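Spelled out from the first residue to the last, the chains are:
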Amino acid sequence: MSPIKFLAVALGALVLASAAPVLAQTAPPAGSAAANEAGRPDQARGTRGPRGRQNRDAAPTPGPDEVRAAAQAQIAAAGLTCQVTEAVSPGETAEQTPLYEAACADAPGYILIASSPPQAFNCLELAGSAAATRRLDPDADVGQQCILPANQNSLAVIGGWARSAGVTCTIDEALAVGRSNANAMIYEVGCAGVDGYWLEEAAAGWSLKDCLQVASTGGTCHFTTAREQADGFEPKLAGTDAAACDVAQVRLMGQNANGRFYEAKCAAEGEGYIVRVNTEGATQQVYPCAVAQRIGGGCTLTPAPPPGEQ
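These lines cover the structure that appears in this document, whether it is placed above or below.

### A word on the nonpolar core
Consideration 1: Ranked by size, the top nonpolar core spans 16 residues in total, and within it Phe233, Leu237, Val247, Tyr262 and Val275 carry the most contacts.
Consideration 2: For this core, the secondary structure elements donating two or more residues are α5 (226-233), β10 (247-256), β11 (259-266) and β12 (272-277).
Consideration 3: Non-local contacts of Tyr262, meaning those with residues more than four positions away in its chain, are made with Leu212, Phe233, Val250, Arg251, Leu252, Met253, Tyr273, Ile274, Val275 and Val277.
Consideration 4: If you look at the next biggest cluster of nonpolar residues, it comprises 15 residues, including Val67, Ala78, Val84 and Tyr100.

### Looking at the sheet that holds strand β13 (residues 283-288)
Neighbouring strands of a sheet are bound in pairs by backbone hydrogen bonds; such pairs are parallel or else antiparallel.
Consideration 1: Taken in spatial order, the four strands of this open sheet run β10-β11-β12-β13, and their pairing is antiparallel. Of all strands in the sheet, those bounded by a partner on one side alone are β10 and β13. Here the strands of the sheet are splayed against their neighbours by 20° on average, with no regard to which way each runs.
Consideration 2: Pairing geometry for β12 and β13, over five bridges, is antiparallel. Of the residues in β13, the one forming a bridge with Val277 is Thr283.
Consideration 3: Here α5 sits on the sheet and contacts β10, β11 and β12; the angle it forms with β10, its principal contact strand, is near 75°.

### Here we look at the state of the cysteines
Consideration 1: This model, assessed by the stated rule, comprises six disulfides.
Consideration 2: Covalent S-S linkage joins Cys169 and Cys191, the inter-sulfur distance amounting to 1.9 Å. Every disulfide takes its handedness from the sign of the S-S torsion; for Cys169 and Cys191 that torsion is -50°, giving left-handed. One end of the pair, Cys169, is in the loop between α3 (154-164) and β6 (171-179); the other, Cys191, is in strand β7 (residues 185-191), and 22 residues separate them in sequence.
Consideration 3: Between the sulfur atoms of Cys245 and its disulfide partner Cys266 the distance amounts to 2.1 Å. Its S-S torsion of about -115° marks the bond between Cys245 and Cys266 as left-handed, since a negative value means left-handed. Here Cys245 is found in the loop between α5 and β10, whereas its partner Cys266 is found in strand β11, with 21 residues between them in sequence. Just as Cys245 is buried, Cys266 falls in that class too.
Consideration 4: Taken in N- to C-terminal order, the disulfide-linked cysteines of the protein chain are connected 1-2, 3-4, 5-6, 7-8, 9-10, 11-12.

Calculation rules
- Residues numbered from 1 in each chain as written.
- Predicted model: local features only at pLDDT ≥ 70, side-chain atom pairs only at ≥ 80, totals over all residues.
- Heavy atoms only, no water.
- Core = buried A, V, L, I, M, F, W, Y, C linked by side-chain atoms within 4.5 Å.
- Buried < 20%, exposed > 50% of the residue type's maximum accessible area, 1.4 Å probe, protein only.
- Helix = DSSP H or I, 4+ residues; strand = E, 2+ residues; numbered from the N terminus.
- Contact = heavy atoms within 4.5 Å.
- Pairing = 2+ DSSP bridges.
- Axes fitted to C-alpha atoms, helices over the stretch in contact; angles between N-to-C directions.
- Disulfide = S-S within 2.5 Å.

So yeah, pure geometry; function would need other evidence.
Structure below.
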């Protein structure tokens, strides 16, 4: 099973001016004041419309500067780092608590509930939770999502983090995946034509795993195909006895102090290799599947030859 998860909080229904659905069930960002309130059953229950006040009693609609200042105050109260560049107020909770969406100059944006204590929901995490829900049911109601154009930036933000972590491919897709058992956020990036990566927040920076490694531990990459993994691995066979192999499929078998061991299945029927790649990424040895049954349990993608044909 995958080690990741989206944590749920009971938010209840939100009354929005646009009649938008409720917030997706997901966790407040780690380290925010809202994190301590996750899962409280008394948060914003029920759906109800406005109380029917007459227009003459309604408060004046706040202007953009007032909304931005209110959102900045909620950011500060939640203990978050965000210089608000733009904000909107799409509505209020059933308890008439103001709701804001804020775009940040140097961080992902947030949806904010001006409760006590304040609640904050990372736009990247909301989008990732919605994508996970829609993979199970394309017609599912995924709740309130961030709508400001400046917050539609998963590819730019996560892609930038991935490049800072050492990813050199052309990144064409990126999304929050969920949280680890240690409650660290995990992101996925897809690469054009080659294997993609999982990117996990860590105390000392970023922890990076390619999707072959993710699959070997039971995880799933949604932006990487088996064809991209095969095409990305094939250059590692150049200059070896397996150079003629047209790689059709590849898997990571495991690793030790000498490097990683992969199985590469060739397009030619019955042809495959176990490949040892050192920690610097250079291929050191190749073993035909026909003679490699004792290495890591042998080849499983390539059928072993019948007895007497080895």
